[in-house]
Structures are given as C-alpha cells and as structure tokens.
Amino acid sequence: MNVQNHKTQSSNATLRRFMNQFSDDFELDERLSEYENTALYTKKFEIFTAFLALHSFSPLVLRKVDDPVSLTIGGGDDMGLDSVIIVINNEYIVDNSEQVQEVLDGIFDNERIINSVDFIFTQAKTSESFEVGGIHKMISGVRHFMLGNELYSRNEDLQDRFQAKKYLDGKVENIEKIN
C-alpha cells in the first residue's frame, strides 16, 4: 500500500474525537493489529465512513450491525470500493448469496414482497489532495458491479457481495424498487 500523503490521525479535532471514540467502542486498534500506523488509520477511516454512510441511509438498520468491520471490503483488488453494503427492505444487511436466500425465505414465507434493495458504495480517502483517478476508479467499480455479468476481481468480500447482487437480479420480478 502506498501510504504517501496519508495520515495517522485527522488534523480536525472533532473528527479525531469521533474517530477515537468509534475506534474505542469497537476495539479497532486491537482487532486491526496487523495494520501499521498509516494503514491502520486508513482502515479505521474506511470503516468509520461505511458506518456513517449506513447511518445516513438508515439509523434503524445500523442498529443491527454488531461489527462495523463487516461493512467494508478487506484486502486489495477492490475496484476502488471500500464498502458495498446491500440492504433489503430497509431491514436486512446481506453480504453473500446465502444470506440473501435466508432473508428471501423469511420474506416469502410471510407472503411479503421485497419493497426495496439498496446498494451503498463508499470510498474514503485520508490524503490532503484530491485525485480524479480515484473517483474514476470508484465510478468504474460501481458500474462494473451493478451492470457487469462478471466481476474481474479476486477480492473475496467483493465477489461475495457481487454474487448476492446477481442472486437478487434473478428475483427482480419480486422487487419493487432498487436504489
């Protein structure tokens, strides 16, 4: 990982306070001990950003998140995506096709339709400068994720989420709205 231009903490006191509290609440320093200084801060910021994005979308569904690390994509080869969060009916977060099947079994057993499927994508940067290439990479990643028939990535977390999306694609006649 190129850590040039990356930070080990925010220069903004408010953000630093929130990040430190968030990190303490979820014991991120201990849980992410394999990361070193700048990489640790970057990973914590990715997790924090995904957590805030989900909170902005739905504070209610966020309450079901026990582990905010699960909101992010681990490892490299992520196509410019730090997180892909899939939410069904504003109630269920799913990370793979097996979880989608479990949710759908519960919905259809109760004769409910899928009101909505929401996809939340994040990319967090800690550098001081703005790089257009990073934005282009993320947009391209979202496009390939949402429109592609195949995902050219070896990232397991990203592949799991892509397979969940493909599984939902097969159920589209039962989905009222996709965001």
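Position numbers for residues start from 1 in each chain and track the written sequence from start to end. Under the rules for a predicted model, residues below a pLDDT of 70 receive no local features and side-chain atom pairs below 80 are neither given nor counted, while totals for whole chains, interfaces and linings still include all residues. Computation of side-chain values covers all heavy atoms of the structure but excludes hydrogens and water.

**Structural notes on the overall build of the protein**
In step 1: Across its full length, the protein holds 7 helices and 4 strands.
In step 2: Secondary structure elements follow DSSP: runs of H or I of four or more residues count as helices, runs of E of two or more count as strands, with numbering from the N terminus. Sequence-ordered secondary structure for the protein, helices as α and strands as β, is α-α-α-α-β-β-α-β-α-α-β.
In step 3: Taking 16 Å as the expected radius of gyration for a compact globule of 179 residues, we find that the protein reaches 17 Å, a close match to that expectation.
In step 4: When each of the 179 residues of the protein is scored for burial, the buried share is 42%. This radius of gyration counts C-alpha atoms alone. The globule rule is 2.2 Å times how many residues there are, raised to the power 0.38. Burial classes: relative accessible area under 20% of the type maximum marks a residue as buried, over 50% as exposed, and values in between as partly exposed (1.4 Å probe, protein chains only).

**Considerations on helix 1 (residues 13-25)**
In step 1: The span expected for a helix works out to 1.5 Å for each residue beyond the first. Compared with an ideal rise of 1.5 Å per residue, which puts 13 residues at 18 Å, helix 1 spans 18 Å between its outermost C-alpha atoms and is within 8% of the ideal.
In step 2: Residues count as neighbours in contact if any of their non-hydrogen atoms are within 4.5 Å of one another. Buried residues along helix 1 sit in contact with helix 2 (28-31) and helix 3 (37-57).
In step 3: In the stretch just after helix 1, Glu27 is the one whose phi turns positive, near 50 degrees.

**Some points on the environment of Asn89**
In step 1: Topologically, Asn89 is positioned in the loop between strand 1 (83-88) and strand 2 (92-94).
In step 2: Residue Asn89 is classed as buried on the basis of its relative accessible area of 7%.
In step 3: The term polar contact refers here to a pair of N or O atoms within 3.5 Å; inside protein, the definition further demands a hydrogen-donor-capable atom paired with an acceptor-capable atom, and it admits residues adjacent in sequence only when both atoms are side-chain atoms. Within the structure, Asn89 has its side chain in polar contact with the backbone nitrogen of Asn115 (distance 2.5 Å).

**Concerning the confidence of the model for the protein**
In step 1: Confidence scores labelled pLDDT are given residue by residue by the predictor and lie between 0 and 100. The pLDDT averaged across the protein works out to 89; a share of 94% of its residues lies at or above 70.
In step 2: Predicted confidence in the protein is weakest over helix 5 (residues 97-109), with a mean pLDDT of 88, and strongest over strand 1, with 96.
In step 3: The model gives residues 1-5 a pLDDT under 50, and that stretch makes 7 contacts with residues more than four places away or in other chains.

**Here's the deal with unusual backbone geometry**
In step 1: The phi torsion at Glu27 lies on the positive side, around 50 degrees, for a residue other than glycine.
In step 2: Mapped onto the fold, Glu27 is located in the loop between helix 1 and helix 2.

**With respect to a negative patch on the surface**
In step 1: Two joining distances apply to patches: 9 Å for like charges and 5 Å for nonpolar side chains (Val, Leu, Ile, Met, Phe, Trp, Tyr), and every residue must have over 30% relative accessible area and no salt bridge. To be clear on the numbers: accessible area is Shrake-Rupley with a 1.4 Å probe, and residue cover counts the displayed protein chains and nothing else. Salt bridge, as used here, is a side-chain nitrogen of Lys or Arg placed within 4 Å of a carboxyl oxygen of Asp or Glu. We treat Lys and Arg as the positive residues and Asp and Glu as the negative residues; His and chain ends play no part in the count. Charge positions are represented by NZ for Lys, CZ for Arg, CG for Asp and CD for Glu. There is a patch of like negative charges on the surface, built from Glu98, Glu102, Asp105, Asp109, Glu156 and Asp160.
In step 2: Elements with a contribution of two residues or more to the negative patch: helix 5 and helix 7 (156-169).
In step 3: Sort the elements by how many residues they give to the negative patch and helix 5 lands first, with 4 residues.
In step 4: Topologically, Asp105 is positioned in helix 5.
In step 5: In this structure Asp105 comes out as partly exposed when scored by relative accessible area, which is 37%.

**A few points about the pairing of strand 1**
Looking down a regular strand, the side chains alternate between one sheet face and the other.
In step 1: Within strand 1, 6 of the 6 residues are buried, leaving the element largely enclosed by the surrounding structure.
In step 2: Burial along strand 1 is two-sided: Ser83, Ile85 and Val87 and Val84, Ile86 and Ile88, pointing in opposite directions, are all buried.
In step 3: Note: two strands are recorded as paired if DSSP finds a minimum of 2 bridges between them. Sheet analysis places strand 1 next to strand 3 (residues 114-122), joined by 6 bridges and oriented antiparallel. Within the sheet, the bridge partner assigned to Ser83 lies in strand 3 and is Thr122.
In step 4: The sheet contact formed by strand 1 and strand 2 spans 3 bridges and is antiparallel. Paired with Val87 across the strands is Ile93, a residue of strand 2.

**A few points about the sheet that holds strand 3**
In step 1: The 4 strands lie next to each other as 2-1-3-4, forming an open sheet whose pairing is mixed. The sheet is open, and its two edges are formed by strand 2 and strand 4 (175-178), each paired on a single side. Strand-to-strand twist across the sheet, computed as the mean angle between neighbouring axes with direction ignored, equals 25 degrees.
In step 2: Here the axes come from fitting lines to C-alpha atoms, over the contacting stretch only for helices, and the angles between their N-to-C directions go from 0 to 180 degrees. Along the sheet face, helix 5 touches strand 1, strand 2 and strand 3 and points at about 150 degrees away from the line of strand 2.
In step 3: Strands strand 1, strand 3 and strand 4 of the sheet are contacted by helix 7, whose axis makes an angle of about 30 degrees with strand 1.

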